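Residue strings, one per chain:
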Amino acid sequence: SFVKHREQLRQSSHYYFGRLGNIYGGSVDDTQIADLMSDPRVQRLVGWSHSVTGLGHARALSRIAQLPDWIPFELKRTAIAFADRWHTLSRGQRCVYTIAALNAIVLGMWQIPRLLPLMARTFLHDPRTGRSYTLLTSSFSHREIWHFAFNTIGLVSFGSSVANAMGVEQFTAFYLSAGVISGLASHVLSPLRPALIMPSLGASGAVYAVVGASMMLAPDSQIALIFLPFVPIAISQAFPALLAYDFVGAVLGWTQFGHVAHLTGGLAGIAYVQWGMDKWAWLIRAIEAQRSKSSKRAN
């Protein structure tokens, strides 16, 4: 079944990408947790009855407890509360919120006038400059708050369930790839209309991919449009309509939104769930087989 396949995939990918997994809350070691929580500095902050969800949570509490004494106790307690809340989230939620936080940091950097030349070089993709790395960095970049807000709402609304279904490691690779692919499509098609070649930025392509994947994984789920919040619509109806709108915009050369990036991202998300997840599982099995062979030769 899909659920069984997803669990096997999650366990395998977590094994081979453990270091990345530790960022979002890795494996639990009861002995290390007990040692960290028995530290007198931790006990002064949280007491003996404070529960933890894993080793990552215990380490976070320990780091807060080790902060200098000149930092007010109340501020440390506030940090403890945030750490507790963070570690009650699923790994998928933590992954999505981390991406949203990175986007927020880049948005803040755009608001600093002195940084504008650096931001334009690093976080703005212009096909005419020859800088290919901005295909990735621009997918974390927003200059306007409304642009950031719309993309963040879409990412948080749909990303957590997709990340939980795929596993954090696969979702991270999927999200970054979708951002690059959607930006590349816009880059490649821009010369078809030279007068419309403009620098681009934003996570919209990657977010569209997430929504497309969500539609494939849960086609019967209901969504509400921001302008019609009381009228739920099946995602399998709403998203294709949105892609059709972007297709028309791409063909007619509308410049209000990045229609090519939107359309490419959405199709990439649909295609990845249809075919890519099986390829990921095959890759994990191939790595596992190679690792097993290497281990046998070493023994």
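The rules we used
- Residues numbered from 1 in each chain as written.
- Predicted model: local features only at pLDDT ≥ 70, side-chain atom pairs only at ≥ 80, totals over all residues.
- Heavy atoms only, no water.
- pLDDT = per-residue confidence, 0-100.
- Helix = DSSP H or I, 4+ residues; strand = E, 2+ residues; numbered from the N terminus.
- Contact = heavy atoms within 4.5 Å.
- Core = buried A, V, L, I, M, F, W, Y, C linked by side-chain atoms within 4.5 Å.
- Buried < 20%, exposed > 50% of the residue type's maximum accessible area, 1.4 Å probe, protein only.
- Phe/Tyr/Trp six-rings, centres within 6.5 Å; stacked < 30°, edge-to-face > 60°.
- Expected span 1.5 Å × (residues − 1).
- Bend = angle between axes of the 7 residues up to and from the residue.
- Polar contact = N/O pair within 3.5 Å; in protein donor to acceptor, adjacent residues only side chain to side chain.
- Axes fitted to C-alpha atoms, helices over the stretch in contact; angles between N-to-C directions.
- Left-handed = near helix turned anticlockwise from the far one by under 90°.
- Nonpolar A, V, L, I, M, F, W, Y, C, P; charged D, E, K, R; others polar.
- Salt bridge = Lys/Arg side-chain N within 4 Å of Asp/Glu carboxyl O.

## Considerations on the confidence of the model for the protein chain
Predicted coordinates in regions of low pLDDT should not be interpreted in detail. On average, residues of the protein chain score 83 in pLDDT, and 85% of them reach the 70 mark or higher. Ranking the elements of the protein chain by mean pLDDT puts helix 2 (residues 18–23) last, at 41, and helix 7 (residues 91–110) first, at 95. Segment residues 12–28 is flagged for pLDDT under 50; beyond a separation of four residues in sequence, or across chains, it makes 36 contacts in the model.

## Section: the nonpolar core
Note that soluble globular proteins tend to have their nonpolar side chains buried in a common cluster. With 34 residues, the main nonpolar core has Met166, Phe171, Phe174 and Tyr175 as its most contacted residues. The set of elements that each furnish at least two residues to this core consists of helix 7, helix 10 (145–166), helix 11 (168–189), helix 12 (204–217), helix 13 (235–252) and helix 14 (259–298). The element best represented in this core is helix 12, accounting for 8 residues. The residues touching Tyr175, leaving out its near neighbours within four places in the chain, are Ile99, Asn103, Ser139, Leu155, Ala203, Ala206, Val207 and Val210. Counting residues in each nonpolar core, the second largest holds 13 residues, with Leu45, Leu61, Ile80 and Ala83 among its members.

## A few points about the packing of aromatic side chains
All chains considered together, the criterion is met by 5 aromatic pairs. A centroid spacing of 5.2 Å and a plane angle of 35° characterise the contact between Phe174 and Tyr272, whose relative ring orientation is tilted. With Phe174 in helix 11 and Tyr272 in helix 14, this residue pair connects regions lying 98 residues apart in the sequence. Note on accessibility: Phe174 and Tyr272 belong to one class, buried. Feature note: the residues Phe171, Phe174, Tyr175 and Tyr272 constitute an aromatic cluster, connected by ring pairs.

## Describing the environment of Val210
Looking at the element boundaries, Val210 is found in helix 12. With residues up to four places along the chain from it excluded, the contact list for Val210 reads Phe158, Gly159, Val162, Phe171, Phe174 and Tyr175.

## Here we look at helix 10
With 22 residues, helix 10 extends 29 Å from end C-alpha to end C-alpha; this agrees with the ideal 32 Å at 1.5 Å per step. Of all the bends in helix 10, the greatest, near 45°, is centred on Gly159. At the C-terminal side of helix 10, Gly167 shows a positive phi close to 95°.

## Here's the deal with the side chain of Asn151
With respect to the element layout, Asn151 can be found in helix 10. Within the local environment of Asn151, its side chain forms a polar contact with the side chain of Ser204, the two groups lying 3.2 Å apart. In this structure Asn151 touches His142, Gly202, Ala203, Ser204 and Val207, once residues within four positions along its chain are discounted.

## Focus: the packing of helix 12 against helix 13
For the pair helix 12 and helix 13, the least separation of the axes is 10 Å and the interaxial angle reads 145°. In the crossing of helix 12 with helix 13, the sense of the turn from one axis to the other is left-handed. Seen from helix 12, the contacting residues are Tyr208, Val211, Gly212, Ser214 and Met215; seen from helix 13, they are Ile235, Ser236, Phe239, Pro240, Leu242, Leu243 and Asp246. Of the residues contributing to the contact of helix 12 with helix 13, the split by class is 8 nonpolar, 3 polar and 1 charged.

## Points about helix 5 (residues 55–65)
Among the 11 residues in helix 5, 8 count as buried, and that is most of the element. For helix 5, the complete set of buried residues consists of Leu55, His57, Ala58, Ala60, Leu61, Ser62, Ile64 and Ala65. Contact partners of the buried residues in helix 5: helix 3 (30–37), helix 4 (40–46) and helix 6 (73–86).

## Quick look at the pattern of salt bridges
Applying the stated criterion across every chain, the model contains 2 salt bridges. Here Arg91 ties to Glu169 by a salt bridge, and the two come within 3.1 Å at their closest N and O atoms. Of this pair, Arg91 sits in helix 7 while Glu169 sits in helix 11; the two residues are 78 residues apart in sequence, bridging distant segments of the chain. Each member of the pair, Arg91 as well as Glu169, carries the same accessibility label: buried.

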